[in-house]
Each structure stands twice: as structure tokens, then as C-alpha cells.
Amino acid sequence: DRGITMAIVWLTKPDDDDDGLAYGTEHGFLCIWKRNKNEHTFNEIYCNRLTGGKDGQEISAMAYDNSSGQLAVVHRAEAVHQFVIDGGMSPRTISSITIRDHWPQAVAFGQVGVRGPELWTFGREDGVIYILNDEGKILKAKTTGAVIGHAVLSTKDDAIILDDVSQGIALYKLSGTERIRTFQVPHNKRRSRNVAFHDGTSTIVIGSDHERVYEFDRRTGQISDIIDIGVRERVQSIAVWTRP
């Protein structure tokens, strides 16, 4: 039993027509499907159970960098894996480490170094951001003092947004550790909500525990729109698209 799907990413490469998707499950399985464009179907290329942390196998988040073909996978407890996706859509391990007392809730690729992009992993309960190189070595640790529900970064605009589950959206610079601004989001319970940049990074979007999606103007900090989804459930996951 692979368990429930907990995270999913598209796999694309700028110089290759082949694409696919990768997903991770509650029991720690990483699976990769390659798309057959002629038939609009998928073939499973890979599925294997990764080694999680001592307190759990669940895969909590994934990230993919299409320029380098690197895939990052983090477990709810301590484990951080980094792969490169080859031409056949199979993963080759770059590094696999555990970070003691770190509970990753989100993961993202950062600035590109000599050998590849940095990897940022965001801890939920500890509120610590670890920055790793392509060998899995910790380059830096940043303490936020927040319980992190989700995170997104933009290297182009030197910005990070976090879901601070006790308040709302926390805005930081990549290069710093001080919080620049907090965008207050009404809430009844301390639950994780996805955050996203929109229209470049001029707009910040977040879900809620009460059926609404909030949009903020990044410059002014004011709410620019509220979307009521019409269902009395929390909005945990969101995705944004900008018209070309």
C-alpha cells in the first residue's frame, strides 16, 4: 500500500519534449510517471520507498528545478533527498541526509551555485530554514521563530513568503533573516495553508481555514481581493497561473 498522495510536481526540461510527473505518498513512496504525448497517457517509470526519518515516512513536500533537472523530496521527519532526473525520467541520487530535530514542511530550490542550485528546506515546528548545497552539506541555518505551514521563494525578486500558521503571511528577503512584513490572515485554528506569488511577485495569495482565498498587494500590504469558494471547508492547497 503506497498510501495517500501527499505531494506532486511536474517534470519538464527546456531542451527535451518528454515530460512527466513525480509524486510522494504518506508511506514514503516516490513514484514517477512519464507522459506518452501521442496517446495522452502515462507510464510508470519508477516507484520505490525512500528512507524517512526516525519519526515517520510521510513525504511532506517536493520541488523540481527544470533548468538543472533536480528533484528534491522531504519527509515529515528529518529526511531530505536530492535527485537528478535523467533522460529516461529515472531519478539518480545526489544526496540523502537527515537533519536532527528538523520537521520539513516545504522545500524549494534557491540561487544557483557553481555545481547546481541551493536547496532550501523549511521546518514546521522548529521554524528553521536550512540551506544545503548539491552534496547535502548545510551551508546556513535561519531561525524564523514561526511555525511554518508552507513556503515559496523567488530568487529573481530576492523574496521568501512563509505561512506563519499563528498569524498569516511572513515576508522575508533571501539574503536576510529579519521579517519585513506580516500580512494578517483571519483564522480560527492553527492549520497549514499554501502560499503563492502571483503577477510576478506583486501579489501574494494564501488559503484559509474558512473557505476563502486572500490576495494581498505585496507593496502596500493591503488585501486586494477575497475569493469565496462556496464550500464550508478550509482552503489548504492553491495554484496560480499568469496569462502570458
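These lines cover the structure that appears in this document, whether it is placed above or below. (Residues numbered from 1 in each chain as written. Predicted model: local features only at pLDDT ≥ 70, side-chain atom pairs only at ≥ 80, totals over all residues. Heavy atoms only, no water.)

The next subject is the layout of surface pockets. Of the voids in this model, the largest pocket is the one considered here, and its volume is about 1,600 Å³. Elements with a contribution of two residues or more to the lining of the largest pocket: β1 (5-13), β5 (59-65), β9 (104-112), β13 (148-154) and β17 (195-198). If one sorts the elements of the lining of the largest pocket by residue count, β1 sits on top with seven residues. Here the residues of the lining of the largest pocket sort into 22 nonpolar, 18 polar and seven charged. (1 Å grid on protein atoms, 1.4 Å probe; cavity = no way out; pocket = protein on both sides within 12 Å on 5 of 7 lines; lining within 4 Å. Points joined across faces, edges and corners; volume = space filled by probe spheres on them. Helix = DSSP H or I, 4+ residues; strand = E, 2+ residues; numbered from the N terminus. Nonpolar A, V, L, I, M, F, W, Y, C, P; charged D, E, K, R; others polar.)

Here isoleucine 8 lies in strand β1. Judged by relative accessible area, which is 56%, isoleucine 8 ranks as exposed. Placed 13 residues apart in sequence, isoleucine 8 and leucine 21 show a C-alpha to C-alpha distance of 7.1 Å. (Buried < 20%, exposed > 50% of the residue type's maximum accessible area, 1.4 Å probe, protein only.)

Our focus in this paragraph is the pattern of salt bridges. In the structure shown here, the tally under the stated rule is seven salt bridges. When the shortest N-O distance is used, the salt bridge between glutamate 125 and arginine 124 registers 3.0 Å. Accessibility expressed as a relative area gives 18% for arginine 124, which makes it buried. Note that arginine 193 is salt-bridged to aspartate 163, the shortest N-O span being 2.6 Å. With arginine 193 in the loop between β16 (179-184) and β17 and aspartate 163 in strand β14 (residues 159-164), this pair connects stretches of sequence that are 30 residues apart. Side by side, arginine 193 and aspartate 163 carry an identical accessibility label, which is buried. (Salt bridge = Lys/Arg side-chain N within 4 Å of Asp/Glu carboxyl O.)

Turning next to the pairing of β1. Bridge count for β1 against strand β2 (residues 16-25) is seven bridges, and the pairing is antiparallel. From the neighbouring strand, alanine 7 faces β2, where its bridge partner is glycine 24. With antiparallel pairing between neighbouring strands as the criterion, β1 and β2 make up a hairpin whose turn holds two residues. (Pairing = 2+ DSSP bridges.)

Here we come to empty space enclosed by the protein. Any empty space left between the atoms is revealed when a probe the size of a water molecule rolls over them. The tally for this structure, following the rule as stated, stands at one cavity of 30 Å³ or more. Lining the largest cavity, in full, are Ile129, Lys142, Thr143, Thr144, Ile160, Tyr172, Lys173, Gly176 and Thr177. For the lining of the largest cavity, the class distribution of residues is three nonpolar, four polar and two charged.

In terms of nonpolar packing, the biggest core is built from 15 residues, with Val9, Leu11, Ala22, Leu30, Met62, Leu71 and Val73 touching the most fellow members. Every element with two or more residues in this core is listed here: β1, β3 (29-36), β5, β6 (70-75) and β7 (79-85). In terms of nonpolar packing, the next biggest core, distinct from the first, is built from 14 residues, Ala106, Ile148, Ala151 and Leu174 among them. (Core = buried A, V, L, I, M, F, W, Y, C linked by side-chain atoms within 4.5 Å.)

Evaluated as defined, the whole model comprises one disulfide. Across a sulfur-sulfur distance of 2.3 Å, cysteine 31 and cysteine 47 are joined as a disulfide pair. One end of the pair, cysteine 31, is in strand β3; the other, cysteine 47, is in strand β4 (residues 41-49), with 16 residues separating them in the sequence. By relative accessible area, which is 26% here, cysteine 47 ends up partly exposed. (Disulfide = S-S within 2.5 Å.)

Taken as a whole, this structure holds five aromatic pairs when the rule is applied. Residues tryptophan 10 and phenylalanine 42 carry aromatic rings whose centres are separated by 6.2 Å and whose planes lie at 45° to one another, so their mutual orientation is tilted. Note that tryptophan 10 is positioned in strand β1 and phenylalanine 42 in strand β4, a separation of 32 residues in sequence. Exposure remark for tryptophan 10: the relative accessible area of 51% places this residue in the exposed category. According to the relative accessible area criterion, phenylalanine 42 is partly exposed, its value standing at 30%. (Phe/Tyr/Trp six-rings, centres within 6.5 Å; stacked < 30°, edge-to-face > 60°.)

This paragraph deals with the sheet that holds β17. Sheet architecture is open: four strands sit in the order β17-β18-β19-β20, paired in antiparallel fashion. Each edge of the open sheet carries a strand with a single partner, namely β17 and β20 (223-228). The mean angle between the axes of side-by-side strands here comes to 20°, regardless of whether they run parallel or antiparallel. Bridging between strand β18 (residues 203-206) and strand β19 (residues 212-217) involves four bridges; their strand directions are antiparallel. (Axes fitted to C-alpha atoms, helices over the stretch in contact; angles between N-to-C directions.)

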